[in-house]
Amino acid sequence: MFLLPWFTLFVIFVVYPFIYGIVISFYDHSYTQMTYIGLENYANIFRDDLFWIAVVATIKMASLIIIGSICFSLWVAFVLQGWSRKAQALGKLAFYLPSIVSQVALVIVWKWIFNPAFGLSASITNMLGIPPINWFGDVNLAIPLIAILVMSFNVSQPIIIFSAAINGIPEDLYEASEIDGATRGKQFWKITLPLLRPTLAFVTVTTTIASLQLFVVPYLLTGGGPQYGTTSILLLVYRNAFEYSRYGYASALGVVLFLITGIIAVIQFRLNRRDIQY
């Protein structure tokens, strides 16, 4: 019975909206009408050029975030392994702090830094005699900037998870490898990385799911521009629902995003199915 309040809230705020979203994806739903149209919303999605632009943009941003977050957090966790427990805690805290700061605040700081007229980057380019750079006016610059900003608060959890997993590896393995003359680099590739395979699989899946749901940063930083080059699928959902009042179409987009995320997660789990015990 003690689970009943939690379960009730879960049904009201998670299960019901999820099912209702699937249901209205089969309707032409707006403020004034709700007409059943079957699979027409889904057919329109795959005929919509903007959807495919959003898919490409989401994949580009998510790929940079996933690869960058995993590589950086794994490197930091491995470096922290050689520190004392107190130093490790301080290091984790330093990387965890950005994750508790509002994403809106981080975007405001980012926009000031890269403002081509009066930002920090503008001051540096002026000192170097370089013409002002419109960082958010070029999609080839905007996408990496979005990825770096997301990574700044996205690496905190992977660092803690990797660090805990590395600390759980028996020290005997490292001591034996040192006797055999193994360097830190060889220890990482031959001992640490193979034994982190289950943890790496978990972090990869969770980071992928989070990266495919980009919304706040591209919405506030670039508005999806330039030329829809940073429009994520979730941003497309938001605009269709709350700007164009196409609730049925937006729900269908949400279902498609859910399926894409689920398929990718299943593929990743299957590729990392082998479990390692130590």
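Our subject is the structure that appears above.
Quick notes on the rules
- Residues numbered from 1 in each chain as written.
- Predicted model: local features only at pLDDT ≥ 70, side-chain atom pairs only at ≥ 80, totals over all residues.
- Heavy atoms only, no water.
- Helix = DSSP H or I, 4+ residues; strand = E, 2+ residues; numbered from the N terminus.
- Buried < 20%, exposed > 50% of the residue type's maximum accessible area, 1.4 Å probe, protein only.
- Contact = heavy atoms within 4.5 Å.
- Areas by Shrake-Rupley, 256 points an atom, 1.4 Å probe, with all protein chains shown as cover.
- Lys, Arg positive; Asp, Glu negative; His and termini not counted.
- Charge placed at Lys NZ, Arg CZ, Asp CG, Glu CD.
- Expected span 1.5 Å × (residues − 1).
- Salt bridge = Lys/Arg side-chain N within 4 Å of Asp/Glu carboxyl O.
- Core = buried A, V, L, I, M, F, W, Y, C linked by side-chain atoms within 4.5 Å.
- Patch = residues over 30% accessible without salt bridge, like charges linked within 9 Å, V, L, I, M, F, W, Y side chains within 5 Å.
- Axes fitted to C-alpha atoms, helices over the stretch in contact; angles between N-to-C directions.
- Parallel < 35°, antiparallel > 145°, perpendicular 65-115°, else oblique.
- Left-handed = near helix turned anticlockwise from the far one by under 90°.
- Nonpolar A, V, L, I, M, F, W, Y, C, P; charged D, E, K, R; others polar.

Check the secondary structure of the protein chain and you find 14 helices and two strands. With the principal axes as the frame, the protein chain shows a C-alpha extent of 75 × 65 × 35 Å. Counting every position in the protein chain, which comprises 278 residues, the buried fraction comes to 40%. Across the protein chain, contacts joining residues at least 24 apart in sequence account for 66% of those joining residues at least 6 apart. Of the roughly 16,000 Å² of accessible surface on the protein chain, a fraction of 70% belongs to carbon and sulfur atoms. Charged side chains in the protein chain number 15 positive and 12 negative. The centres of these two groups are separated by 2 Å.

Before going further, it helps to examine helix 11 (residues 197-211). Residues separated by three or four positions in an α-helix point in the same direction, a consequence of the helix having 3.6 residues per turn. The terminal C-alpha atoms of helix 11 lie 21 Å apart, and with 15 residues this matches the ideal 21 Å at 1.5 Å per residue to within 8%. Every buried residue belonging to helix 11 is among Thr199, Ala201, Val203, Thr204, Val205, Thr207, Thr208 and Ser211, and all of these are buried. The inward-facing, buried residues of helix 11 contact helix 3 (49-80), helix 7 (139-154), helix 8 (156-167) and helix 14 (247-271).

Under the defined criterion, the tally for this structure stands at one salt bridge. Note that Glu243 is salt-bridged to Arg239, the shortest N-O span being 3.8 Å. With Glu243 and Arg239 both in helix 13 (residues 233-243) and four residues apart, the pair spans about one turn of that helix.

One broad trend across soluble globular proteins is that nonpolar side chains are buried collectively. Counting residues in hydrophobic clusters, the biggest one holds 21 residues, and the most contacted among them are Trp110, Phe114, Leu149, Val150, Val217 and Leu221. When residues of this core are traced back to their parent elements, those giving at least two are helix 3, helix 5 (103-113), helix 7 and helix 12 (216-221). Not counting residues within four places of it along the chain, the set of residues in contact with Val217 comprises Gln103, Val107, Ile146, Leu149, Val150, Phe153 and Thr222.

Taken together, the side chains of Glu171, Asp172, Glu175 and Glu178 present a region of like negative charge at the surface. Mapped onto the secondary structure, Glu178 falls in helix 9 (residues 171-179). Under the relative-accessibility criterion, Glu178 is labelled exposed at 52%.

This part is about the environment of Ala201. The topology assignment puts Ala201 in helix 11. Counting along the chain gives 67 residues from Ala201 to Gln268, while the straight-line C-alpha distance between them is 7.3 Å.

Taken together, the side chains of Leu4, Trp6, Phe7, Leu9, Phe10, Val11, Ile12, Phe13 and Val14 present a nonpolar region at the surface, about 880 Å² in accessible area. Structurally, Phe7 is set in helix 1 (residues 4-24).

With that settled, consider the packing of helix 3 against helix 10 (residues 184-195). Axis separation between helix 3 and helix 10 bottoms out at 12 Å; the angle between their running directions is 110°. By the criterion of interaxial angle, the relationship of helix 3 to helix 10 is roughly perpendicular. Regarding helix 3 and helix 10, the two cross each other, and that crossing is right-handed. Facing Leu74, Phe78 and Val79 of helix 3, the residues of helix 10 in contact are Arg184, Phe188, Thr192 and Leu193. Broken down by class, the residue content of the contact of helix 3 with helix 10 amounts to five nonpolar, one polar and one charged.

Nothing here speaks to function; it is all geometry.
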